[in-house]
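The chain contents come next:
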Amino acid sequence: MYIVQIASECAPIAKAGGLGDVVYGLSRELAWRGHWVEIILPKYNNLRYDLIMGLEVIYHDLWVPWGNGAVHCSVWQGYTFNRRCYFIEPHSPDNFFNRGAFYGFPDDAVRFAFFSKAALEFLLKTGRRPDVIHCHDWQTGLVPVLLFEIYKFIGLDRQRVCYTIHNFRHQGICGGNILWLTGLNRPEYYFHYDRLRDNFNPGAINMMKGGIVYSNFITTVSPQHSWEARYTGQGFGLGHTLQVHQVKFGGILNGVDYEEWNPEIDGRIAARYGSATPDAKYANKEALRDRFWLRKDYKPIVAFVGRLDPQKGVPLIKHALYYSLSQGAQFVLLGTSPEPGINADFWRLKQQFNDNPDCHLELNFDEELSHLIYAGADLFVVPSLYEPCGLTQMISLKYGTVPVVRAVGGLVNTVFDKDYADRPLHERNGFVFHQSDTRAIESALYRAIGLWYSFPDHFRALMLNGMRYDFSWNWPGHHYCQVYDLIRA
Ligand code: ADP
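Just so it is clear, the structure is predicted and the values come from calculations on it, not from any experiment. (Residues numbered from 1 in each chain as written. Predicted model: local features only at pLDDT ≥ 70, side-chain atom pairs only at ≥ 80, totals over all residues. Heavy atoms only, no water.)

J.: Residue-level account of the pairing of strand 14 (residues 359-362), with values.
T.: Neither face of strand 14 is left uncovered, since the one carrying Cys-359 and Leu-361 and the one carrying His-360 and Glu-362 both have all their residues buried. Following the chain from strand 13 (residues 330-336) across helix 11 (residues 340-352) to the adjacent parallel strand 14, one finds a crossover that is right-handed. (Buried < 20%, exposed > 50% of the residue type's maximum accessible area, 1.4 Å probe, protein only. Helix = DSSP H or I, 4+ residues; strand = E, 2+ residues; numbered from the N terminus. Right-handed = clockwise from strand over helix to strand, strands pointing away.)

J.: I'd like a rundown of unusual backbone geometry, residues and numbers included.
T.: The peptide bond linking Ala-11 to Pro-12 adopts the cis configuration, its omega dihedral lying at -5°. Within the secondary structure layout, Pro-12 lies in the loop between strand 1 (2-6) and helix 1 (18-32). The phi torsion at Phe-81 lies on the positive side, around 45°, for a residue other than glycine. Relative to the helices and strands, Phe-81 resides in the loop between strand 4 (69-80) and strand 5 (83-91). Positive phi, close to 40°, is recorded for Arg-186, a residue that is not glycine. You can see Arg-186 is positioned in the loop between helix 4 (177-182) and helix 5 (187-190). Assessed through its relative accessible area of 37%, Arg-186 is described here as partly exposed.

J.: Outline the site of the ligand, listing residues and values.
T.: Lining the immediate environment of the ligand, one finds 16 residues, of which Arg-307, Lys-312, Asn-364, Tyr-374 and Leu-391 sit closest. Tyr-374 places a side-chain nitrogen or oxygen 2.8 Å from an oxygen atom of the ligand. Computed on the free molecule, the ligand has an accessible area of 570 Å², of which 84% lies beneath the protein chains in the complex. For the shell around the ligand, the secondary structure elements donating two or more residues are strand 12 (301-307), strand 13, helix 12 (367-376) and helix 13 (392-398). For the shell around the ligand, the residue count by class is six nonpolar, six polar and four charged. (Near = heavy atom within 4 Å. Polar contact = N/O pair within 3.5 Å; in protein donor to acceptor, adjacent residues only side chain to side chain. Areas by Shrake-Rupley, 256 points an atom, 1.4 Å probe, with all protein chains shown as cover. Nonpolar A, V, L, I, M, F, W, Y, C, P; charged D, E, K, R; others polar.)

J.: I'd like to hear about the environment of Leu-379, residue by residue, with values.
T.: Structurally, the position occupied by Leu-379 is in strand 15 (residues 379-382). Looking at Leu-379, the relative accessible area reads 0%, which means it is buried. Through-space distance from the C-alpha of Leu-379 to that of Gln-330 is 10.0 Å; in sequence the pair is 49 residues apart. Ignoring any residue separated from it by four or fewer positions in sequence, one finds Leu-379 in contact with Ile-301, Val-302, Ala-303, Thr-401, Val-402, Val-404, Ala-448, Ile-449 and Phe-459. (Contact = heavy atoms within 4.5 Å.)

J.: Describe in detail helix 1, supporting the description with residues and values.
T.: Its 15 residues give helix 1 an end-to-end C-alpha distance of 21 Å, which sits within 8% of 21 Å, the value for a rise of 1.5 Å per residue. Of all 15 residues making up helix 1, eleven are buried, and the element is well covered by its neighbours. Within the sequence span of helix 1, burial applies to Leu-19, Gly-20, Val-22, Val-23, Tyr-24, Gly-25, Leu-26, Ser-27, Arg-28, Glu-29 and Leu-30. Check the buried side of helix 1 and you find it contacts strand 1, strand 2 (36-42), strand 4, strand 5, strand 6 (132-136) and helix 17 (474-487). Backbone geometry just downstream of helix 1 places Gly-34 in the positive-phi region, at approximately 95°. (Expected span 1.5 Å × (residues − 1).)

J.: Go over the nonpolar core, please, and point to the residues and values.
T.: If you look at the biggest cluster of nonpolar residues, it comprises 77 residues, and the most contacted ones within it are Leu-333, Phe-346, Ile-373 and Val-404. Considering every element that reaches this core, the biggest residue donor is helix 15 (residues 438-454), with eight residues. Those residues within four positions of Phe-346 in sequence are excluded, and the remaining contacts are Leu-308, Val-314, Lys-318, Leu-333, Leu-361 and Leu-363. Counting residues in each nonpolar core, the second largest holds 76 residues, with Leu-123, Ile-150, Val-161 and Ile-165 among its members. (Core = buried A, V, L, I, M, F, W, Y, C linked by side-chain atoms within 4.5 Å.)

J.: Quick one: what's the story with the sheet that holds strand 6, residue by residue and with numbers?
T.: The nine strands lie next to each other as 3-4-5-2-1-6-7-10-11, forming an open sheet whose pairing is mixed. The open sheet is flanked by strand 3 (53-66) and strand 11 (249-251), the only strands paired with a single partner. In this sheet, neighbouring strand axes are inclined to one another by 25° on average, regardless of whether the strands run parallel or antiparallel. By the bridge criterion, four bridges tie strand 1 to strand 6 in an arrangement that is parallel. Within the sheet, the bridge partner assigned to Gln-5 lies in strand 6 and is His-134. Lying on the sheet, helix 2 (residues 108-125) is in contact with strand 1, strand 2, strand 3, strand 4, strand 5 and strand 6; it crosses strand 3 at an angle near 100°. Strands in contact with helix 6 (residues 207-214) are strand 7 (160-165) and strand 10 (217-220); relative to strand 7, the strand with the most contacts, it is inclined by about 135°. (Pairing = 2+ DSSP bridges. Axes fitted to C-alpha atoms, helices over the stretch in contact; angles between N-to-C directions.)

J.: Hey, could you go over the pattern of salt bridges for me, with residue numbers and the actual values?
T.: In this structure the tally under the stated criterion is 27 salt bridges. Here Lys-15 and Asp-21 are joined by a salt bridge, their closest N and O atoms 2.9 Å apart. With a relative accessible area of 27%, Asp-21 lands in the partly exposed category. When the shortest N-O distance is used, the salt bridge between Arg-99 and Asp-107 registers 2.7 Å. Relative accessible area serves as the criterion here: at 24%, Arg-99 is assigned to the partly exposed category. One connected set of salt bridges, linked through shared partners, spans Asp-417, Lys-418, Asp-419 and Arg-447. (Salt bridge = Lys/Arg side-chain N within 4 Å of Asp/Glu carboxyl O.)

J.: Report on the sheet that holds strand 12, specifying residues and quantitative values.
T.: Ordered by their spatial adjacency, six strands build an open sheet running 14-13-12-15-16-17, and the pairing between neighbours is parallel. Each having just a single partner strand, strand 14 and strand 17 (431-433) make up the two edges of the open sheet. Looking at each pair of strands side by side, their axes are set apart by 15° on average, direction ignored. Across seven bridges, strand 12 lies against strand 13 in parallel orientation. Note that in strand 13 the partner of Arg-307 across the bridge is Thr-336. Seen against the sheet, helix 15 touches strand 12, strand 15, strand 16 (402-406) and strand 17 and runs at an angle of roughly 165° to strand 17.

J.: Please provide a residue-by-residue account of the packing of helix 1 against helix 17, values included.
T.: At a minimum axis distance of 9 Å, the contact between helix 1 and helix 17 shows a crossing angle of 75°. Considered as vectors, helix 1 and helix 17 are oriented roughly perpendicular to each other. Between helix 1, through Leu-26, Glu-29 and Leu-30, and helix 17, the contact on the second element is made entirely by Asn-474, Gly-477, Tyr-480, Cys-481 and Tyr-484. Partitioned by chemical class, the residues of the contact of helix 1 with helix 17 number five nonpolar, two polar and one charged. (Parallel < 35°, antiparallel > 145°, perpendicular 65-115°, else oblique.)

J.: Lay out the packing of aromatic side chains in plain terms, naming residues and giving numbers.
T.: One pass over the structure, following the stated rule, counts 26 aromatic pairs. Summarising the aromatic geometry, the rings of Phe-96 and Phe-114 are spaced 5.1 Å apart at their centres and angled 35° between planes, so their arrangement reads as tilted. With Phe-96 in the loop between strand 5 and helix 2 and Phe-114 in helix 2, this residue pair connects regions lying 18 residues apart in the sequence. Each member of the pair, Phe-96 together with Phe-114, is buried. Where Trp-261 meets Tyr-399, the ring centres are 6.5 Å apart and the plane angle is 75°; that geometry is what we call edge-to-face. With a gap of 138 residues between them, Trp-261 in the loop between strand 11 and helix 9 (281-292) and Tyr-399 in the loop between helix 13 and strand 16 connect regions that are remote in the sequence. Ring pairs connect the aromatic residues Tyr-44, Trp-66, Phe-96, Phe-97, Phe-102, Tyr-103, Phe-112, Phe-114, Phe-115 and Trp-138, which therefore count as one cluster. For the cation-ring pair, Arg-186 lies above Tyr-189, with the distance from its terminal atom to the ring centre recorded as 4.0 Å. Here the basic side chain of Lys-398 rests over the ring of Tyr-258, its NZ or CZ set 4.3 Å away from the ring centre. (Phe/Tyr/Trp six-rings, centres within 6.5 Å; stacked < 30°, edge-to-face > 60°. Lys NZ or Arg CZ within 6 Å of the ring centre and 35° of its normal.)

As structure tokens, then:
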């Protein structure tokens with residue numbers, strides 16, 4: 001099968017979040033399965049050019065119809081870790097992609113509408129006819145709209161679209177001029193409630209809604225989140241649209257890159273280990289304590305790694321710290337926040353616990369250190385308010401660090417409570433709580449720390465259960481292939 005991914009990010013050359021990891025990880029898995037995969041990206045000036053091999057212009061004069069005229073583009077080709085990527089470079093005074101950052105500009109909707117149009121124009125003009133076009137998030141929501149309303153009639157008539165939504169919070173809500181710019185025109189047609197009109201703002205176009213309405217299949221990043229998006233507020237206003245289109249909507253968990261996150265081959269930890277050799281994990285616990293000057297005592301280490309964002313349940317993270325210490329555990333945290341208020345709060349907390357031999361807060365982004373924390377800790381807390389998929393709990397499972405999570409989004413599909421899960425004992429792998437209040441997280445941590453102290457054998461069994469789970473790209477790759485087979489012409 002010939003698959004083209006059209007996306008605004010691809011790790012590691014253009015990564016702002018999980019979207020980039022998925023585009024890269026899924027593409028690699030699909031290629032391993034024998035499919036022909038190509039990725040189309042904007043040619044940002046802040047790409048990691050040091051990681052792109054063989055970059056060269058392969059198409060000089062791509063003229064993309066835009067408003068009353070056309071924008072002249074060059075298309076570059078390069079390889080990132082063996083994945084073939086095309087980069088669209090517009091030569092226009094708008095300077096769409098030479099801004100030093102991927103997002104955050106007042107004309108973001110226009111920038112990515114242009115990119116969506118240019119990607120299709122490139123496929124059309126160069127005779128590329130993929131079986132499936134896979135696009136992602138609001139930035140490429142207009143791809144299926146443009147494909148089925150314009151390009152289908154001029155050459156791209158057998159292409160099918162899979163659309164993956166990683167985050168419902170950002171939807172590309174913009175003014176109607178986008179219709180004129182992209183050549184869709186006909187506002188009376190597109191402003192219909194069943195097409196692109198935003199569900200709550202009748203004067204606005206919603207690009208993500210367009211993606212949902214026009215795609216052949218829509219996925220989000222976990223089965224539980226696909227339910228939450230339809231039936232709770234987590235669809236951020238698109239719940240009804242998703243219900244209308246639910247026969248073509250599903251959830252597929254993201255995978256973890258086990259070449260990067262695997263304690264058996266991880267070069268960034270103190271000692272390698274696996275489910276057959278779990279004892280070596282304790283050398284990492286020692287190394288973590290050495291690194292953070294924690295006291296060497298018979299105590300479990302509870303950890304948190306992640307963005308200190310309200311989405312992650314900041315008050316519960318703080319509460320987990322206090323409660324863990326009160327229950328005789330140690331606590332380590334690695335995180336940063338873009339919000340000055342939250343940052344200041346955690347710096348205060350860091351000062352407060354500066355001399356405490358059982359607690360350490362590291363307030364920066366440090367990927368290397370995160371490996372040692374996953375390997376060295378015993379328990380890992382994820383008290384998110386919402387979590388479309390979540391990677392940290394899947395990584396900690398692989399590293400034998402038992403997760404304590406709130407039952408939301410992808411956490412529901414990956415962590416199964418030791419005492420209450422509706423599963424056989426050998427499939428239970430962590431602790432789950434439901435409410436987003438302090439009592440709930442206390443009860444889960446109480447059970448977890450209690451098990452560590454009182455029933456070490458049971459704790460060890462739980463940890464091994466988690467290590468045996470396979471959250472690699474293998475299953476997600478298989479499921480995406482099933483979706484592609486389903487929608488193929
Ligand atoms: P989200 O995409 O919402 O931030 P995920 O759980 O999907 O959350 O992914 C978070 C990823 O970012 C994990 O790999 C985690 O280890 C990493 N990460 C987050 N914050 C930090 C940090 N301060 N230092 C190192 N790695 C971090």
